[in-house]
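# Understanding the architecture of this molecule
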Amino acid sequence: MFKKILIANRGEIAVRVVRACSELGILSVAIYSDADRAALHVLKADEAYHVGPTPASESYLDIERIIATARQCGAEAIHPGYGFLSENADFARACAGAGIKFIGPPANAIELMGSKTRARQQMEKAGVPFVPGTSRGVESIDEAREVAEQLGYPVMLKAAAGGGGKGMRLVENAVGMASSLEAAQSEAQRAFGNNEVYLEKAITNPRHIEIQVLADEHGNCVHLGERECSIQRRHQKVLEESPSPAVNAAMRQNMGQIAVKAAIAVRYANAGTIEFLADASGNFYFLEMNTRLQVEHPVTELVCGVDLVHLQIRTAAGERLPFLQKDIQPRGHAIECRIYAEDENHFPSPGQVTALSEPAGPGIRLDSGIYGGWTVPVAYDPLLAKLIGYGESRQQAIGRLRRALDECFVGGIKTNLPLFRRILSDPVFVAGETDTGYLGRLPQTDAAISESDEEVAAIAAALFASMQPRNNGQDTLGVGQTSCLSSQAAASDWKRAARTESLR
Amino acid sequence: MRYQVDIHGKTHQLVLEKASAPQQPDRWVCRLGGHEIVMDAVQTGADTLSIVIDGKSFEIRRENAGETPRVFVHGRQFQVTLQDARSLKSRRRAGPIDAGPLRLTASMPGKVVRVLAKEGDILHAGMGIVVVEAMKMQNELRSPKEGTLKKMLAREGMNVNAGDVMAILE
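The rules we used
- Residues numbered from 1 in each chain as written.
- Chains lettered and ligands numbered in written order.
- Predicted model: local features only at pLDDT ≥ 70, side-chain atom pairs only at ≥ 80, totals over all residues.
- Helix = DSSP H or I, 4+ residues; strand = E, 2+ residues; numbered from the N terminus.
- Rg over C-alpha atoms; globule rule 2.2 N^0.38 Å.
- Buried ≥ 20, exposed ≤ 12 C-beta atoms within 10 Å, placed from the backbone.
- Contact = placed C-beta atoms within 7 Å.
- Arc of directions from axis to C-beta.
- Nonpolar A, V, L, I, M, F, W, Y, C, P; charged D, E, K, R; others polar.
- Core = buried A, V, L, I, M, F, W, Y, C linked by C-beta atoms within 7 Å.
- Axes fitted to C-alpha atoms, helices over the stretch in contact; angles between N-to-C directions.
- Parallel < 35°, antiparallel > 145°, perpendicular 65-115°, else oblique.
- Left-handed = near helix turned anticlockwise from the far one by under 90°.
- Domains from an automatic or database assignment.
- Pairing = 2+ DSSP bridges.
- pLDDT = per-residue confidence, 0-100.
- Expected span 1.5 Å × (residues − 1).
- Bend = angle between axes of the 7 residues up to and from the residue.

## What to know about the overall build of chain B
When you go through chain B residue by residue, the secondary structure sums to one helix and 16 strands. Radius of gyration (C-alpha) of chain B: 22 Å, far over the 15 Å computed for a compact globule of 170 residues. Each principal axis of the C-alpha distribution contributes one length, and for chain B these read about 65 × 40 × 20 Å. Residues counted as buried form 29% of the 170 residues belonging to chain B. If you take every contact in chain B between residues at least 6 apart in sequence, the share linking residues at least 24 apart comes to 41%.

## As for helix H6 (residues 116-126) of chain A
Residue and element names in this part refer to chain A. Along H6, the residues classified as buried are Lys-116, Ala-119, Arg-120, Gln-122 and Met-123. The buried residues of H6 occupy an angular sector of 160° when the element is viewed end-on, so they sit on one face. The inward-facing, buried residues of H6 abut helix H5 (107-114), strand S6 (155-163), strand S8 (197-201), helix H9 (249-265) and strand S13 (284-290). Among the residues trailing H6, Gly-127 stands out with phi positive, at a value near 75°.

## Topic: the interface of chain B and chain A
Taken residue by residue, the interface counts 52 residues in chain B and 51 residues in chain A. Broken down by element, the residue count for the side of chain B that touches chain A peaks at eight residues, all from strand S8 (residues 76-84) of chain B. A per-class count over the side of chain B that touches chain A returns 29 nonpolar, 14 polar and nine charged.

## Brief notes about the nonpolar core
Residue and element names in this part refer to chain A. Ranked by size, the top nonpolar core spans 187 residues in total, and within it Ala-30, Ile-78, Phe-276, Ala-460, Ala-461 and Ala-462 carry the most contacts. Of the residues forming this core, the biggest block, 10 residues, is contributed by helix H16 (residues 451-467). Apart from the residues lying within four places of it in its own chain, the contact partners of Ala-30 are Ile-7, Ala-14, Val-18, His-41, Val-42, Ala-45 and Ala-48.

## Here we look at unusual backbone geometry
All names here are of chain A. Cis geometry marks the peptide bond from Tyr-153 to Pro-154, where omega comes out at -5°. The topology assignment puts Pro-154 in the loop between helix H7 (141-151) and S6. In this structure, Pro-243 follows Ser-242 across a cis peptide bond, with omega equal to -5°. Along the chain, Pro-243 turns up in the loop between strand S11 (236-242) and H9. One non-glycine residue, Arg-234, adopts positive backbone phi at about 50°. Take Arg-234: it is sitting in the loop between strand S10 (221-233) and S11.

## A few points about the packing of helix H12 (residues 394-407) of chain A against helix H13 (residues 417-424) of chain A
Residues and elements named next belong to chain A. Following both chains from N to C, one finds H12 and H13 inclined at 150°, their axes separated by 10 Å at the closest point. Classified by the interaxial angle, the pair formed by H12 and H13 is roughly antiparallel. Where H12 crosses over H13, the two elements pack in a sense that is left-handed. Two secondary-structure elements touch here, H12 through Ile-398, Leu-401, Arg-402 and Leu-405 and H13 through Leu-417, Phe-420, Arg-421 and Leu-424.

## Notes on the domain arrangement of chain B
Along its sequence, chain B is carved into domain 1 (2-93) and domain 2 (102-169). Centre-to-centre, using C-alpha coordinates, domain 1 of chain B lies 37 Å away from domain 2 of chain B.

## Remarks on the sheet that holds strand S15 (residues 159-160) of chain B
Residue and element names in this part refer to chain B. Across the sheet, which stays open at both edges, the four strands sit in the order S13-S12-S10-S15 with antiparallel pairing between neighbours. Strands at the two margins of the open sheet, each flanked by one partner only, are strand S13 (137-142) and S15. Pairing between strand S10 (residues 110-115) and strand S12 (residues 128-134): four bridges, direction antiparallel. Paired with Val-112 across the two strands is Val-132, which belongs to S12.

## Considering the sheet that holds strand S1 (residues 4-7) of chain A
Pairing between the strands of a sheet comes from backbone hydrogen bonds, and it takes one of two forms, parallel or antiparallel. Residue and element names in this part refer to chain A. With parallel pairing, the five strands of this open sheet are ordered in space as S3-S2-S1-S4-S5. Each end of this open sheet is capped by a strand with a single partner; those strands are strand S3 (47-52) and strand S5 (101-102). With three bridges joining them, S1 and strand S4 (residues 77-79) adopt parallel strand pairing. Across the sheet, residue Leu-6 finds its bridge partner in S4, namely Ile-78. Running at roughly 160° to strand S2 (residues 27-33), helix H1 (residues 11-24) makes contact with S1, S2 and S4 of the sheet.

## Observations concerning the confidence of the model for chain B
All names here are of chain B. Put simply, chain B has an average pLDDT of 85, and 91% of its residues get 70 or more. Note on residues 94-98: pLDDT under 50 across the span, and zero contacts to partners over four residues away in sequence or across chains. In the predicted assembly, ipTM is 0.70 and pTM is 0.84.

## Some words on helix H8 (residues 174-192) of chain A
All names here are of chain A. With 19 residues, H8 should cover 27 Å at 1.5 Å per step; its first-to-last C-alpha distance of 26 Å lies within 8% of that length. Maximum bend of H8: about 30°, positioned at Ser-180. For H8, the set of buried residues is Met-177, Ser-180, Leu-181, Ala-184, Gln-185, Glu-187 and Ala-188. Buried-residue contacts for H8 involve H7, S6, strand S7 (166-171) and S8. Gly-193 sits one or two residues past H8 and shows a positive phi near 70°.

## Digging into the confidence of the model for chain A
On average, residues of chain A score 91 in pLDDT, and 92% of them are at 70 or above. Low pLDDT (under 50) marks residues 470-491 of chain A, which in the prediction has 49 contacts with non-local residues, meaning those over four places away or in another chain.

## Here's the deal with the pairing of S6(A)
Residue and element names in this part refer to chain A. Of all the nine residues making up S6, eight are buried; the element is thus mostly covered by neighbouring parts of the structure. As paired elements, S6 and S7 share five bridges and run antiparallel to each other. Across the sheet, residue Val-155 finds its bridge partner in S7, namely Val-171. Pairing between S6 and S8: five bridges, direction antiparallel. Paired with Lys-158 across the two strands is Tyr-198, which belongs to S8.

## Quick notes on the packing of H1(A) against helix H11 (residues 308-316) of chain A
Residue and element names in this part refer to chain A. One can describe the packing of H1 onto H11 by two numbers: an axis separation of 9 Å at closest approach and a directional angle of 65°. One element, H1, and the other, H11, form an angle in the roughly perpendicular class. For the element pair H1 and H11, the recorded crossing hand is right-handed. Of the residues in H11, those touching H1 at Arg-16, Val-17, Ala-20 and Leu-24 are Val-309, His-310 and Ile-313. Partitioned by chemical class, the residues of the contact of H1 with H11 number five nonpolar, one polar and one charged.

What follows is the structure, given as structure tokens:
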């Protein structure tokens, strides 16, 4: 087993890996940019090294610098987390070249699955069902129109190197093809440095269901059931759960076997995820493989009773999988909420966390990368933390999450916590009837807000003003600024007295 | 003391007084919408409050960051604008809002990645002026009305905070 692991990431996932290392008796090494000196992952790790300035391209993406740091501190392995270098085959190769174990799949598997067109070719060979369309980039507008005619509109244009919804266009008819193709190609070029775009039949409002796979380096591979990830905004997942309300035992077994087949086809090792699109009648199609640990891995951990990061580290160290497929018996239900620093219009909301109350209690897990007093930097992803609820049943998991959301408070910056209150009390969600169009249809108002709560809020606002004579004589609540972290100098007693008098 | 509290477009007029019973220092009386509410209120932190009304317990937080202050009742947020007796008086005296040049401000902290207009440009409503990037997301600042760009303060690569003036439109 490794004695020391460097974590080439930041935020909640870096903290997650630090915790796993500590549990396994392995020393953890954090890296940080200028903006992250005081970040939680730096505070929690055993060792921490500065790797560059704030822009990720000069720090968390600087392969040479990270590998040099690992060599200098004597780390035998690197865990890449998700994002950044996690799906970068060059990085995996550079690690191997430096005699450092990359905790993830072989570089070849990353490369095969990294190009969506090449992945489709592999899946075609392995007999895995995928969304009808081309397995190569389209060369011309005429070819695109011809293929689209054969498939039938609507069709989807997708960047071969794509992800996160970039370089993707829905085309409703032949008229829109030319401009959409051009837009998708130029967006793909800008985002990924590669303008290859292919065509797929569009499945309207599908479910997005993925299978977790885990393979050791001795040819053993199992699946750990599915995750339902249909609740998305602009192709970014917002809430995930396991099991999926749309998957029964037979479909799970079928999808799981196909996922294992897909992983074996590219000689996969370590943790990975096969994403599928499923239509209303239960047909499912290979979408892509994510060759890394997923953000939403905790729901699988809770339902399957495993620790995926422990297993990633152990299999990377050469151990065999400690269980067989038949030993994996999912139990209960888990739901994850991705807490983002964003306002009600989904605009990023970085800044200082002036107050923080974290939920606890039965069935609640919080994987967080923040603390009270810390300033969330502008430069990186807005994911702050993941709140996961577990219960014997879906209903119990929902109840626990609702309760935990009421306990949760993040001050100073805005978060999407109110969105989760709305989702978790929405009858459509409670019935499990979600697809990728769900968020667009979710009612904007929180049904759980009562009129009496509003009156209490009004009274509370007045109470704060009355109880704090130090309120500095300002009109609104907004200028009192007496929070424990940013307390201002007390206003002069004279001013205060005069002001109180004038109000009588 | 008299207060006017606006929450999500609704106005609440209320009068709040400390109860005159010295043996109950946490007791307050509030007149709101024609009825009188007697309550027990304890400040549990700089921005937290516990209120008990008729045996019902409410956990309250206050949040002052951002443009509109918020009050949270059991974690549910309300955007709140509070005015007391004096500010209501001065509000009545003040004239209409100055209709001069319009200052366009950044809605979030971030980095200016593109400047789309230059001084002297005639802008239509909805035309992009500046693109600000934060947390991997780009946000375009658009012109809210027709006018001439009088001053462009934003420069590419510049870091800005929420509320910083980016451009002035006339």
